[in-house]
Amino acid sequence: MVVNDFSIQVATVNGSGSQSANSVLLRALFQMGIPVSGKNLFPSNIAGLPTWYTIRASREGWVARKKEIDLLVAMNPETAREDVAGLGAGSAVIYDEPLALSSIRDDLTFYPVPFDAVVRPVTTDAKLTKLLRNMAYVGVLARLLAIDMSEVERAIQKQFGGKKKAADLNVAAARAGHEHAASLAKKDRLRVERMDANRGKIVIDGNSAAALGAMFAGVTVVAWYPITPSSSLTESLIAACRKHRIGPDGRATFAIVQAEDELAALGMVIGAGWAGARAMTATSGPGISLMAEFAGLAYFAEIPAVVWDVQRVGPSTGLPTRTAQGDLLSAATLSHGDTKHVVLIPGSVEECFTMAGDALDLAERFQTPVFVLSDLDLGMNVWMSDPFPYPEKPLDRGKVLSKEELERLGSFARYADVDGDGIGWRTLPGTDHPAAAYFTRGTGHNETAAYSERADDWERNMARLARKIDGARAAAPQPEIDARGAEVGILSCGTSRYAVEESRAQLRQEKGLEADHLRVRAFPFADSVRDFVASHRRVYVVDQNRDGQLGQLLRLELPADLLPRLRPLARMTGLPLDARSLTDEITARES
Amino acid sequence: MVVNDFSIQVATVNGSGSQSANSVLLRALFQMGIPVSGKNLFPSNIAGLPTWYTIRASREGWVARKKEIDLLVAMNPETAREDVAGLGAGSAVIYDEPLALSSIRDDLTFYPVPFDAVVRPVTTDAKLTKLLRNMAYVGVLARLLAIDMSEVERAIQKQFGGKKKAADLNVAAARAGHEHAASLAKKDRLRVERMDANRGKIVIDGNSAAALGAMFAGVTVVAWYPITPSSSLTESLIAACRKHRIGPDGRATFAIVQAEDELAALGMVIGAGWAGARAMTATSGPGISLMAEFAGLAYFAEIPAVVWDVQRVGPSTGLPTRTAQGDLLSAATLSHGDTKHVVLIPGSVEECFTMAGDALDLAERFQTPVFVLSDLDLGMNVWMSDPFPYPEKPLDRGKVLSKEELERLGSFARYADVDGDGIGWRTLPGTDHPAAAYFTRGTGHNETAAYSERADDWERNMARLARKIDGARAAAPQPEIDARGAEVGILSCGTSRYAVEESRAQLRQEKGLEADHLRVRAFPFADSVRDFVASHRRVYVVDQNRDGQLGQLLRLELPADLLPRLRPLARMTGLPLDARSLTDEITARES
Amino acid sequence: MADAAQTAPRPAAPRTNRLGLALVDYRGAKTTLCAGCGHNAISERLLEAMFDMDIPPERVAKFSGIGCSSKSPAYFMSRSHAFNAVHGRMPAVATGAALANGSLRIVGVSGDGDSASIGIGQFVHLMRRNLPMVYVIEDNGVYGLTKGQFSATADVGSTLKTGVVNELPPIDTCALAIQLGATFVGRSFSGDKKQLSAMLKAAVAHKGTSLLDVVSPCVTFNDHEGSTKSYAYMKDHDEPLHEISLVPSYSDISVEYAPGTTVDVKMHDGSTLRLRKLDETYDPRDRVRALTRIAEAHGKGEVLTGVLYVNTGAPTFLDLLHLPAEPLATLPQVRVRPPREALQKILDEYR
Amino acid sequence: MADAAQTAPRPAAPRTNRLGLALVDYRGAKTTLCAGCGHNAISERLLEAMFDMDIPPERVAKFSGIGCSSKSPAYFMSRSHAFNAVHGRMPAVATGAALANGSLRIVGVSGDGDSASIGIGQFVHLMRRNLPMVYVIEDNGVYGLTKGQFSATADVGSTLKTGVVNELPPIDTCALAIQLGATFVGRSFSGDKKQLSAMLKAAVAHKGTSLLDVVSPCVTFNDHEGSTKSYAYMKDHDEPLHEISLVPSYSDISVEYAPGTTVDVKMHDGSTLRLRKLDETYDPRDRVRALTRIAEAHGKGEVLTGVLYVNTGAPTFLDLLHLPAEPLATLPQVRVRPPREALQKILDEYR
Ligand SMILES: Cc1ncc(C[n+]2csc(CCOP(=O)(O)OP(=O)(O)O)c2C)c(N)n1
Ligand SMILES: Cc1ncc(C[n+]2csc(CCOP(=O)(O)OP(=O)(O)O)c2C)c(N)n1
Ligand code: SF4
Ligand code: SF4
Ligand SMILES: [Mg+2]
Ligand SMILES: [Mg+2]
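Residue numbering note: each chain is counted from 1, following its sequence as written. Each chain gets a letter, beginning with A, and each ligand a number, beginning with 1, in the order they are written. Local features are withheld for residues below a pLDDT of 70 in this predicted model, meaning they are given only at 70 or higher, and side-chain atom pairs are given and counted only at 80 or more; totals for whole chains, interfaces and linings count all residues. No hydrogens and no water enter the side-chain calculation; it runs on all heavy atoms of the structure.

(A) Structural view of the overall build of chain C. On a plain count of helices and strands, chain C comes out with 13 helices and 13 strands. Long-range pairs, those at least 24 residues apart, make up 68% of the contacts in chain C between residues at least 6 apart in sequence. Total accessible area on chain C stands at roughly 12,600 Å², and carbon and sulfur atoms take up 57% of it. Runs of H or I in DSSP of at least four residues are treated as helices and runs of E of at least two as strands, each being numbered from the N terminus. The contact rule is simple, with two residues in contact once any of their heavy atoms fall within 4.5 Å. In short, Shrake-Rupley with a 1.4 Å probe defines the accessible areas, and a residue's cover is counted only from the protein chains shown.

Next up, the structure:
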């Protein structure tokens, strides 16, 4: 028997209501204390197209996408045959009987289930039948995998909250499936057993986590324009703020505005940041491109702004509902002329929460736009996590001169590097002091913010800007390093870490190959990134894009003599990265 | 005496009509057969602010900006003292007598001239006086430098074309200056002598040259939005096409449209290129940023488009009237996701002419946007050049299937790599064949242009795109290489070449240091770029930007083991690069 | 046997148009939009209109932005080239294609988000230019493809399924277009087969920009109480302004007409648009009246449908450019590369 | 000696406003615009209005895009913060600042190119939102800073010095604004000191977006025959709609009024805008009439000046957001970071 270590893929069509069934399945396993993860592979339309939902149970706690499917639930006539064809030998298939799939392969285990018949006792209404068939396969799976039905029912109650009728119907459907499955002769070797790995853990998607992080980090102005996969970030922020950020006086301590487009969204954020608000926007690739001009203004005029980029597959509209890490290079250098932006790259839902605050602090501290590069896999899929720590650090509002300080100083020069860190002091509009005002512009200026076309003013100012951004390398979240003196190193960022961590275990167990790991969490890179490369002979740079963009940024930043050590390992299929592909590739290149 | 080797700087205010005087001065020297160049340093407003015009006469034919000013004409009270303070010892100053400058330094030669008095015999009208003072300094200079007055008068005639009254007045003013200067005791060592270096040569600005190149390359659709320093490119194209591209039937074989902004401008160019037109736009930095999303669409949907970027100082609005090469990195990688664009970099007015055609050919051949990176110095200043060769090569319209070919083939797959070069065949809308139509989109698609979210379709298509663009490295203009087996190499692009060439002579003469030179003319880089770096111990990469962007592109493209040889040498002041700064820097780093 | 042969039923030949094409020759790929989405009905009307008007599909070029609505060009007329561009910027792309090949019949399909939110800038300038094309806004007051946020045409007080209420005044794209000098402006409803078909034909026949704002309910996100873009709302509030039918004819018909009678507006392809004047004072050639009537309808909470404004006299953007009869795209080299002497002459000026 | 002392002339103290500030306290840096540029006059009127209305300069925030016009915020009120943003996108930046600090008095200065060409999209949405700000378009029909190309407000038939003729219909930003729901819309002329000053004061007093399209001749590129934005043209065609004067008062005055009399529109700061009804039928509260009058004027080739439309009843964008009295920008941490228990409660829901 294979216990608590398998992947289930449910193949269906979007809009058919399988989402709740899949969540229930995932939650049931979670409640049994088994490490679990789920990934939704959905199409870019609203209803009727093929969708796959993959649930992985892993004793070891691996949460990356598993390349092999151990158990397929085939509900979609359109894709059923291809889905079955794609399975590895020995896998199991639960399918809707009318699809008659058992004939097409003889190296698989097939479980035909007449789902319509199974739910008929529960309902005769056609629309309801369509819905409840889904909960029925949960029941079937429960039986075959020995998932505790009480946990399934608990999960259903949670899923449908107060709605008793819905809950009852779904429980009935699940039971029907469960009973029907009693008639199925168990032929596969997959099963679950209770564990205690999830005590105290939560299950949440990265976008909700980011929204909570921003709310607890005191974000006050949000301007956005809807785009998959970032919309749910702002939408959960709206929901959260309505609940927790409306004062006793009924007044909202936030303003969230749906702008007319992404140019306007960032423009509003910049105006708000300039006037002293903690402001952010959330978008994805196409929005990043549209924000290029404003990003350059914010960099050059030195205005705090936070931009979340929940990455999807590009270029252009690309695959709007598939995951990638393809905006690293664009974000880091966004806009014409010489620009360089601070970029944070969360690698877990907890980091979505914490970095939402880091980004707002860094933006105000360094008076510059900060990009946070999440991705669809992290943002829209649910992940297990330890509960998020309440932020103890006070908000960093950066260098702002108050009326009182101005009275003391008498005057100030907006762009003077008085502290040697390249960061000048600013004043906010509305500061009630005759010397408070200064003129903000995207054109050349001197230390007092006066217009200047002088060569020396330009050079000095641009050099200071470079110094300023360089300072972020130490202030931004430092890399996560697991180094044990191996010869081979792996460099990754964001969600790649899950595949990398599992791959390292595979390399160790299967090939006896040790590989150290550094996960980059911010750009410009911390010095430890240089040191990591310097202390490893060969460093595989893992990227979820075509051009190896993390590798490209390393090429731009690291000392040239270290670059020959880098080995690009870039993949982009729209599917979350899996460990097996990495292991095979590294093994091949190491032997 | 220093013969035919000096620089003159005229300091005045814009809108005061000095432009014609300066052109006349430059033309007079040109007509005397002396290699000459002129650079206009103007402010970003319309009238009343300081402007400097520099004319360089060079026996050797050097046309880069000369760092040292040998002769200053101080007409602007606002800047006169600082202008004088900035001169090297021994320089000469002609100044408007009321400015009383002679007292401020004793290591200079001063020529006070009461310009109002000098032109009084010519006019008493105040507005005219203001204008004619300028032509008067031309006369003064003619006397002091022994410029032939007949050439000055010929130049005035040419300048004012038919306008007899204007011409006569200006001739009179020049003569008045010339006569007055007879009273000045020549104390400096500068003079001119007739040469014969300019036979057959023309004098033209890069934007006009580019416009002519595009017109003779059969451009048919132009959409633009005004922006300095690119406006004059399109405006001279309009003028040229009205003259030479209106058929006997009175019909225009071109459409030039002023769009509402740069997004629309590139959108129109893409629509036109898709429908089969040779289409282009011209812009500068901020426009490039606004074009990011459309550039990604054109790359991914494979649509021909030519974008001229006449670079100015960025980021943001920056210094709109100063020169730079700061858009290299943005242009080469413009837009989110994985993109890579073909970039051409003209290094002379003749190349502005020829590359205008190359760009249109390459765009249609490779079905992709092609960026041409000129700069303000090249585009808006006038340069001597051999006359442009009439284009003998027929237009390359790329892979387009006609109705007849479709009848033969029966059908076609838009994105199938039938020729192994990564370039598919396309059809134009309106092709009268039932199988001609295909669906163009910025979303994932397969070889038949059908919508696809399949991982394999995405990977295959993106890999083909990479192959396709890689093919441009051999098809685009190859580097200009002057290598004589030196240990030190210099890599440059665009207008930097003029300073580099002069600097190489200085290094040779002053330090006995030989340096080979490779001037990049296109991205992706030709293989000879790699070979050049491989065959030199130390390679200085000259950039007119802060971050050394040519060097950055080399870091992204070259084999890692070659990168330690690169030595960034980046300067950005808004002033055209001068040889002396390079020579000093290289000398310092070589010793 | 002979008898049998004679009485054997012949397969009925499919109805064909003057080009000998059947309706299937105008069909597109299978829709991936929601069952019951208003956009699908509009695609049907559009392809029928093209079929009925004998437009060769190969001469049509379809353009769209991004959205459920903007996907629909894939679902009609597969024999026409199509360009699914970027969000809100389809007008520029269509304009470029029109410049390259003025002989194309251009159909643009957009959504209210695509046109009135992110795309309003290009929309405004397109209307100003009077580019010859049919521009259909499939207007549902929401962003369908991103799951139901408000667009700029959402009505004050309409409520999302999330309970969020819109408080900003809607942009009336028809009023805006008329204000900006558009030459053919109408509004219809995706469920009104008869009116929409007639208006589409009139739009196709018009020389210049034909803007049709077609209220097209989003069954998934906006078909509920409180939304004026829902079927329910339309059924009570849809007040047809006048009946339309296209009378193919080549004789020039006067457009002077009295209240209660009909007016025939002559179209540039020779066909005629007949307007039945149900409305005592309505004249589709009067911009100010059109704006007034639209405003009045808004005041009454009504949606005014029909051809609101027509101006058949205005020159199109292409007219202003004095282009040749042949497409610029395919002019031979001899016509686009001036002769050797021309370059010689030019260079001499720079000597 | 005592006599002498008594008769010695005292230096006249400069006139100060209620805040004790002199006019110089409202001045800006020396202009770098062309001598005689209409924009300079507008800057003067603006700073005078602020001075006369006792607005503390420190409470004012100035915004602009890119252009000669957009440079002018540098030339008035140096004691106010200013943000010279990017071309055509100032409205978004101003909106963000208003969200961050609703107590700021926002003044936006833009050009016709900045607002009607590249910026028309943001302009449209700003008007829709009724953000509290004064939005001045310094309208010269050309792109001054880039040396005289046509903007989208250039009149049909007007000619550039290069001889190029504009053939596209101009966008009337006032008509557009009214169409879109703007709440204070007026047009004036940079040379009309009296009218412009009064209108600026009214605009400053208005609660909501006050759009003023001020015809402001470009002496360098557009002040010539054929251009309706030239001084010459304005002198013959400038038809003032009504005289305006601001009567400071805190009593509520009715706005019912008969032709030939005056109407006092109550402003939200208690001051009153008096409109003298020169026009038999004109009512500045009637959108449709306003649009009609503008259209009529266009027909007659006239430029209608004055306050064209006023709606004092509409909620502003900030009202809709239910913000606290204090600026969001400076709320203390305790008010923007929910307590520990809140996080606890939230996390439990995810268990
Ligand atoms: C630049 C950009 N921003 C945002 C999106 C995300 N997006 C896709 S469709 C859409 C709105 C579509 O609404 P509408 O035009 O009304 O079409 P509908 O789906 O309602 O028919 C948005 C915001 C995008 N694709 N590109
Ligand atoms: C994105 C971008 N495109 C183009 C420009 C160049 N540009 C500067 S000002 C201007 C037009 C200004 O016209 P208007 O707004 O009417 O101001 P005016 O100078 O006439 O007062 C343009 C096109 C720019 N700065 N940024
Ligand atoms: S979501 Fe709405 S607009 Fe989109 S396809 Fe479904 S019904 Fe149509
Ligand atoms: S160019 Fe025109 S708009 Fe610009 S400053 Fe001069 S007069 Fe004013
Ligand atoms: Mg919609
Ligand atoms: Mg203007």
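(B) Quick peek at the overall build of chain A. Of the regular secondary structure elements, chain A holds 20 helices and 24 strands. When the 591 residues of chain A are sorted by exposure, 68% land in the buried category. In chain A, of all internal contacts separated by at least 6 residues, the share reaching a separation of at least 24 is 76%. With the model as given, the accessible surface of chain A reaches about 18,100 Å², and the carbon-plus-sulfur share is 51%. Throughout this description, buried means an accessible area under 20% of the type-specific maximum (1.4 Å probe, protein chains only), exposed means over 50%, and partly exposed covers the range between.

(C) Expanded view of the interface of chain B and chain A. Facing the 64 residues of chain B at the interface are 64 residues of chain A. The term buried area refers to how much accessible surface (probe radius 1.4 Å) is lost by two components on association, counted for both of them together. In total, chain B and chain A occlude about 5,300 Å² of area from one another, counting both sides; carbon and sulfur atoms represent 56% of this. Here a salt bridge means any side-chain nitrogen of Lys or Arg lying within 4 Å of a carboxyl oxygen belonging to Asp or Glu. Between chain B and chain A we count four salt bridges in total. A salt bridge links E82 of chain B to R454 of chain A; the nearest nitrogen and oxygen atoms lie 2.7 Å apart. For this analysis, a polar contact is any N or O atom pair within 3.5 Å, provided that within protein one partner can donate a hydrogen and the other can accept it, and provided that sequence-adjacent residues contribute only side-chain to side-chain pairs. The interface formed by chain B and chain A holds 41 residue pairs in polar contact (both at pLDDT 80 or more) in total. Elements supplying a minimum of two residues to the side of chain B that touches chain A: α10 (285-290), α11 (292-301), β14 (319-323), α12 (328-332), α16 (455-475) and α19 (549-557) of chain B. Basically, the charged four are Asp, Glu, Lys and Arg, the nonpolar ten are Ala, Val, Leu, Ile, Met, Phe, Trp, Tyr, Cys and Pro, and anything else, Gly included, counts as polar. Counted by class, the side of chain B that touches chain A contains 27 nonpolar, 24 polar and 13 charged residues.

(D) Summary view of the relation of the copies chain B and chain A. The transformation that overlays chain B on chain A combines an axial shift of 0.0 Å with a rotation of 180°, and the residual RMSD is 0.0 Å. Such a turn and shift between the copies fits a two-fold axis. Alignment of the copies relies on least squares applied to C-alpha atoms, considering only residues that score at least 70 for pLDDT in both.

(E) The arrangement of the state of the cysteines in detail. In plain terms, two cysteine sulfur atoms within 2.5 Å form what is called a disulfide here. Scanning the model with the defined rule gives zero disulfides over all chains in all. With no disulfide of its own, C174 of chain C lies 19 Å from the sulfur of C37 of chain C, the closest cysteine sulfur.

(F) Representation of the pattern of salt bridges within the structure. Under the counting rule described, the total for this entry stands at 136 salt bridges over all chains. R589 of chain A is paired through a salt bridge with E585 of chain A; the nearest N and O atoms lie 2.9 Å apart. With a gap of four residues between them, R589 of chain A and E585 of chain A both fall in helix α20 (residues 579-590), about one helical turn apart. Given the relative accessible area of 33%, R589 of chain A is considered partly exposed. A salt bridge links R546 of chain B to D547 of chain B, with the shortest nitrogen-to-oxygen separation between them at 2.7 Å. Residue D547 of chain B is classed as partly exposed on the basis of its relative accessible area, which comes to 25%.

(G) Geometry of the packing of helix α7 (residues 206-216) of chain B against helix α13 (residues 349-366) of chain B. Residue and element names in this part refer to chain B. Fitting a line to C-alpha atoms yields each axis, with helices limited to the stretch in contact; the angle taken between N-to-C directions then spans 0 to 180 degrees. Here α7 crosses α13 at 35°, and the two axes come no closer than 7 Å. Note on packing geometry: the crossing formed by α7 with α13 is right-handed. Residues G206, A209, A210, L212, G213, A214 and F216 of α7 form the contact with α13, whose participating residues are V349, C352, F353, A356, G357 and L360. Grouping the amino acids of the contact of α7 with α13 by side-chain chemistry returns 10 nonpolar, three polar and no charged. In this scheme the handedness of a crossing depends on how the near helix is turned from the far one: anticlockwise by less than a right angle means left-handed, clockwise means right-handed.

(H) Fine view of the coordination of the magnesium ion (ligand 5). All names here are of chain C. Donor atoms: N, O and S within 2.8 Å of the metal, or within 3.2 Å for Na, K and Ca. Because water is excluded, sites can look incomplete. Of the protein atoms, only D112 (OD), N140 (OD1) and V142 (O) coordinate the magnesium ion (ligand 5), at distances of 2.0 to 2.2 Å. Mapped onto the sequence, the donors of the magnesium ion (ligand 5) take the spacing D-x27-N-x1-V. Placement of D112 in helix α5 (residues 112-117) and of N140 in the loop between β4 (133-139) and β5 (142-143) is noted, with a sequence separation of 28 residues between them. Given the relative accessible area of 5%, N140 is considered buried.

(I) Highlighting the sheet that holds strand β20 (residues 488-493) of chain B. Residue and element names in this part refer to chain B. Should DSSP find at least two bridges between two strands, the strands are taken to pair. Taken together, the five strands give an open sheet; going across it, the order is β19-β21-β20-β23-β24, and neighbouring strands pair in mixed fashion. Since the sheet does not close on itself, it has two edges, and those belong to β19 (480-482) and β24 (566-570), each with one partner. Between one strand axis and the next, the sheet turns by 20° as a mean value, whatever way the strands run. Strand direction decides the pairing type here: β19 and strand β21 (residues 515-520), joined by three bridges, are antiparallel. Its bridge partner being in β21, I481 is matched across the sheet by L518. The sheet contacts of α19 involve β20, β21, β23 (538-543) and β24, and relative to β23 the element is tilted by about 130°.

(J) Molecular detail of the site of ligand 2. As a matter of local geometry, ligand 2 sits amid 23 residues, with E262 of chain B together with S69, G113, D114 and G144 of chain D nearest to it. Working definition: residue near molecule or strand if any one of its non-hydrogen atoms lies within 4 Å of it. Taken together, the residues near ligand 2 originate from chains A, B and D. A distance of 3.1 Å separates an oxygen atom of ligand 2 from a polar atom in the side chain of N140 of chain D. Residue L145 of chain D places a main-chain N or O atom 3.0 Å away from an oxygen atom belonging to ligand 2. Relative to its unbound accessible area of 590 Å², ligand 2 is 98% covered by the protein chains. Only α10 of chain B together with α3 (68-71), α5 (112-117) and β5 (142-143) of chain D provide two or more residues apiece to the shell around ligand 2. Sort the elements by how many residues they give to the shell around ligand 2 and α5 of chain D lands first, with three residues. Among the residues forming the shell around ligand 2, the class breakdown is 10 nonpolar, nine polar and four charged.

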